[in-house]
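Structural description and commentary
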Amino acid sequence: MLCRVADLVTVRSWLLLPPLFLATVAGVAGAICGIVGAEVSLSGPILFGSASAIAMVTSVDVNWHGIRALRWAGWGYIALLLVPALLIDSIELPVPVALALGLVGISCWGAFRVGCR
């Protein structure tokens, strides 16, 4: 059973959760690979599969405004996140690009946190 952590989430915030997750993971991987001195190589199925799982789990807390079409569009968005998981094997990024993505992701998480209060 899922427990609710916060109130209902807006549709816009819910749509932004998976891309922010992807950017944050790229940033963390970029920081680790920058310390080690290697290139960033991310697994597409694991990365996008996790993003679609986050979208699916958090879709319960979205304020859909009672519109059934929005719920079906939400399922389409989850399916759209699964397509790269099936088609992309690995993602190679230079360390500075991964760090820049991570910086954007962490900044947006901070903005989300401030907006929740």
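The structure presented is a predicted model; accordingly, all values stated were derived computationally and were not measured. (Residues numbered from 1 in each chain as written. Predicted model: local features only at pLDDT ≥ 70, side-chain atom pairs only at ≥ 80, totals over all residues. Heavy atoms only, no water.)

1. Structural notes on the overall build of the protein chain
Condition: The helix and strand labels rest on DSSP assignments: H or I over at least four residues marks a helix, E over at least two residues marks a strand, and numbering proceeds from the N terminus. Relative accessibility decides the category of a residue: with a 1.4 Å probe and only protein chains considered, values under 20% of the type maximum give buried, values over 50% give exposed, and everything between is partly exposed. Contact criterion: two residues are considered in contact whenever any of their non-hydrogen atoms come within 4.5 Å of each other. Per-residue accessibility takes into account occlusion by the displayed protein chains alone, with areas from the Shrake-Rupley method and a 1.4 Å probe.
Looking only at helices and strands, the protein chain features four helices and two strands. Helices (α) and strands (β) of the protein chain occur, in sequence order from the N terminus, as α-β-α-α-β-α. Counting the 117 residues in the protein chain, one finds 31% classified as buried. Long-range contacts, defined as pairs at least 24 residues apart, comprise 88% of the intrachain contacts of the protein chain with a sequence gap of at least 6. Accessible area for the protein chain stands at about 7600 Å²; split by element, carbon and sulfur atoms hold 72% of it.

2. Observations regarding helix H2 (residues 44-58)
Our working definition: A helix is expected to span 1.5 Å for every residue after the first.
Between the first and last C-alpha of H2 there are 21 Å, a value that for 15 residues agrees with the 21 Å anticipated at 1.5 Å per step. If you follow the buried residues of H2, they end up packed against helix H1 (11-36), strand S1 (40-43), helix H3 (68-87) and strand S2 (90-93).

3. With respect to the confidence of the model for the protein chain
The line we're drawing: pLDDT gives the predictor's per-residue confidence on a scale running from 0 to 100.
Predicted confidence across the protein chain gives a mean pLDDT of 84, with 89% of residues reaching 70 or more. Per-element confidence in the protein chain ranges from a low mean pLDDT of 81 for helix H4 (residues 95-116) to a high of 92 for H2.

4. Quick word on the packing of H1 against H3
Cut-off, in case you're wondering: Geometry is summarised by axes, namely lines fitted to C-alpha atoms with helices restricted to the contacting stretch, and by angles between N-to-C directions that run from 0 to 180 degrees. Orientation categories follow fixed angle ranges, with anything under 35 degrees roughly parallel, anything over 145 roughly antiparallel, 65 to 115 roughly perpendicular, and all other angles oblique. Polar here means any residue other than Ala, Val, Leu, Ile, Met, Phe, Trp, Tyr, Cys and Pro, which are nonpolar, and Asp, Glu, Lys and Arg, which are charged; Gly is therefore polar.
Running from amino to carboxyl end, H1 crosses H3 at an angle of 10 degrees, the nearest separation of the two axes being 12 Å. With respect to their mutual orientation, H1 and H3 come out roughly parallel. Where H1 approaches H3, its residues Trp14, Leu15, Pro18 and Pro19 are matched on the opposing element by Gly74, Tyr77, Ile78 and Leu81. Across the contact of H1 with H3, the residue classes break down as seven nonpolar, one polar and no charged.

5. Quick notes on a nonpolar patch on the surface
Applicable threshold: Surface patches are drawn from residues lacking salt bridges whose relative accessible area is over 30%; two like charges belong together within 9 Å, two nonpolar side chains (Val, Leu, Ile, Met, Phe, Trp, Tyr) within 5 Å. What counts as a salt bridge is simple: a side-chain nitrogen of Lys or Arg found within 4 Å of a carboxyl oxygen of Asp or Glu.
Together, Val28, Ile32, Ile35 and Val36 give the surface a local cluster of nonpolar side chains, amounting to about 440 Å² of exposed area. Structurally, valine 28 is set in helix H1.

6. Digging into the side chain of serine 59
Applied cut-off: In the analysis that follows, any N or O atom pair within 3.5 Å is treated as a polar contact, provided that within protein one partner can donate a hydrogen and the other can accept it, and provided that, for residues neighboring in sequence, both atoms belong to side chains.
Secondary-structure assignment places serine 59 in the loop between H2 and H3. At a separation of 2.7 Å, a polar atom in the side chain of serine 59 contacts the main-chain carbonyl oxygen of methionine 56. Serine 59 has contacts with Trp14 and Trp64, leaving out every residue within four places of it along the chain.

7. A short note on H1
Helix length check: H1, at 26 residues, gives a terminal C-alpha distance of 39 Å against a target of 38 Å (1.5 Å per residue), a fit within 8%. Count one or two residues on from H1 and you reach glycine 37, which has phi positive near 90 degrees.

8. Some details on the packing of H1 against H2
For clarity, the cut-off: Left-handed describes a crossing in which the near helix is turned anticlockwise from the far one by less than a right angle; the clockwise case is right-handed.
For the pair H1 and H2, interaxial distance at closest approach is 9 Å and the crossing angle is 150 degrees. If you check the angle between H1 and H2, you find them roughly antiparallel. Every pair of crossing elements has a handedness; the one defined by H1 and H2 is right-handed. Counting all contacts with H1, which are made through Trp14, Leu17, Pro18, Phe21, Leu22 and Val25, the residues of H2 involved are Leu47, Phe48, Ser50, Ala51, Ile54, Ala55 and Thr58. In terms of residue class, the contact of H1 with H2 is built from eleven nonpolar, two polar and no charged.

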